[in-house]
Amino acid sequence: MRRIPSPRFVLALAFCAAMTHAAVAHAVVRIVCPVCGQVFDESTRVCPNDGSDLVLVGKREEVGKEPGDTDTADAQDGGAEPGQPVVPGYKRHDKGGRRQRTAEPVDETHNDRRSRFAEERRGGNAAAEQARREERERRQRFTTDDERLRAEFDSRRAKLRNERELAAEEAERARLGLATDRTRIVHGLAAPLVSLGYRVSFMGEGRDAGPVHGAEIDVNPSRTYLRAGFSTFVGVRALDRQNELLFMEHVTVGVEWPWRFAPFALLRAGIGGLASRRFGEDSVALVRSIGTEVGVDCHLGLGTILSPSVGYVRYMVNDAYWNSVTAKISIGF
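Residues numbered from 1 in each chain as written. Predicted model: local features only at pLDDT ≥ 70, side-chain atom pairs only at ≥ 80, totals over all residues. Heavy atoms only, no water.

Undergrad: Any details on the pattern of salt bridges? Residues and values, ideally.
TA: Under the criterion given, the structure shown has 21 salt bridges. Glu-216 is the partner of Lys-328 in a salt bridge, and the nearest nitrogen-oxygen pair spans 3.4 Å. In this pair, Lys-328 sits in strand β11 (residues 320-332) while Glu-216 sits in strand β5 (residues 211-222), placing the two residues 112 residues apart along the sequence. For the pair Lys-328 and Glu-216, a shared accessibility class is recorded, and that class is buried. It is possible to trace a salt-bridge network through shared partners that takes in Arg-199, Glu-216, Asp-218, Arg-268, Glu-293 and Lys-328. (Salt bridge = Lys/Arg side-chain N within 4 Å of Asp/Glu carboxyl O. Helix = DSSP H or I, 4+ residues; strand = E, 2+ residues; numbered from the N terminus. Buried < 20%, exposed > 50% of the residue type's maximum accessible area, 1.4 Å probe, protein only.)

Next comes the structure, spelled out in structure tokens:
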């Protein structure tokens, strides 16, 4: 059997509910800015005085007063203006200890946290410090580049010095080698291999000197120190009443000192024929010769050799003989 509540209990329960509803109806949620102490309703998200984010840092309170009610005693103690709520321990030192509203417009883009970054909080000497830092970096780069360039310059200079020294050594070796080669060439020069010259000697008859002159070709297979070869002479014996043709083949043996002006001494022996016309008849007589000769082979350059010489020759025809001087000048190669 259910028990029915008494009328007194029902009236007490109704009175408590009515009181609770009245308290809830008159309770108001307010947000206090921790910076300026201004009180706002819960719909305010940003403090219009200093830009603080009330959602993150605002202090929420539920009071039975309307949002516009203030505590004048607390306002006087906290340095706030009359009619404004007070946050204990906070004073606006820039306002002489009294908090005041700012008349400046609110910058919605301002961020209190970012305003404390270094870019906005640098002192007055930040530009000078930046300039000094840039100057240090520039000097460091200059020093690095200077050291690198100096190292490259020293390397190139050492390389060029070595190249000059090597070139000087090569030039000195070339000079010495040229001098040695020149000396060897000069002292290695000797008789010409082939020469063509003009020779004159005498085979007199009576008061007629009987000069014998003509062309002579020399061939010298051995030309240095030991000079040996053979020569062919074709000439004319000139007499007052007639001319006689003389043909001689000689063998020469001698010595020669190799040099630019190479002196030589030779022994000559030859045999040939003397063609003449006597008493209306042509005849050929056997001619022999023996003699000596000295001369100089002068090397004129480009393989050209001028060879003057003088000597003694004895011609013999049958039982007759002639002692004569002989002279020759020739061009050889």
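The structure having been displayed, the exposition proceeds.
Undergrad: Can you tell me about unusual backbone geometry, naming the residues and giving the values?
TA: Of note in the backbone geometry, Tyr-225 takes a positive phi value of approximately 60° without being a glycine. Of note, Tyr-225 is situated in strand β6 (residues 225-238). According to the relative accessible area criterion, Tyr-225 is partly exposed, its value standing at 47%. Of note in the backbone geometry, Asn-318 takes a positive phi value of approximately 55° without being a glycine. You can see Asn-318 is positioned in the loop between β10 (304-317) and β11. The class of Asn-318 is exposed, set by a relative accessible area of 59%.

Undergrad: Let's hear about the confidence of the model for the protein chain: which residues, and what values?
TA: Taken over all residues, the pLDDT of the protein chain has a mean of 80, while the share at 70 or more is 72%. Between residues 65-83, whose pLDDT stays under 50, and residues either more than four places distant or in other chains, the model counts 31 contacts. (pLDDT = per-residue confidence, 0-100. Contact = heavy atoms within 4.5 Å.)

Undergrad: For the pairing of β10, give the residues involved together with the corresponding values.
TA: Of the two faces of β10, only one is covered, namely that formed by Ile-305, Ser-307, Ser-309, Gly-311, Val-313, Tyr-315 and Val-317; the face formed by Thr-304, Leu-306, Pro-308, Val-310, Tyr-312, Arg-314 and Met-316 stays uncovered. Hairpin connection between strand β9 (residues 281-301) and β10: a loop of two residues separates the two successive antiparallel strands, and Leu-302 in this loop has a positive phi of roughly 55°. Bridge count between β10 and β11: 13 bridges; the pairing is antiparallel. Within β11, the position partnered with Val-313 by the bridge is Ser-324. Linking two consecutive strands that pair antiparallel, namely β10 and β11, is a turn of two residues; a positive phi of about 55° is found at Asn-318 within it. (Pairing = 2+ DSSP bridges.)

Undergrad: Run through the pairing of strand β7 (residues 243-256), naming residues and quoting values.
TA: Burial along β7 is one-sided: Glu-244, Leu-246, Met-248, His-250, Thr-252, Gly-254 and Glu-256 are buried, and none of Asn-243, Leu-245, Phe-247, Glu-249, Val-251, Val-253 and Val-255, which face the opposite way, are. Following β6, the chain reverses through four residues before pairing antiparallel with β7.

Undergrad: Can you break down the nonpolar core residue by residue, with the values?
TA: The nonpolar side chains of a soluble globular protein tend to be buried, and buried together. In terms of nonpolar packing, the biggest core is built from eleven residues, these being Met-203, Val-212, Phe-233, Leu-246, Met-248, Leu-274, Val-287, Val-313, Tyr-315, Val-317 and Trp-322. Those elements that place two or more of their residues in this core are β7 and β10. When residues in this core are grouped by element, the largest group, three residues, is from β10. Beyond its immediate sequence surroundings of up to four residues, Tyr-315 is in contact with Ser-201, Phe-202, Met-203, Val-287, Arg-288, Ser-289, Ala-320, Tyr-321 and Trp-322. Formed by six residues, the second largest nonpolar core is a distinct cluster that contains Cys-33, Cys-36, Phe-40 and Leu-54. (Core = buried A, V, L, I, M, F, W, Y, C linked by side-chain atoms within 4.5 Å.)

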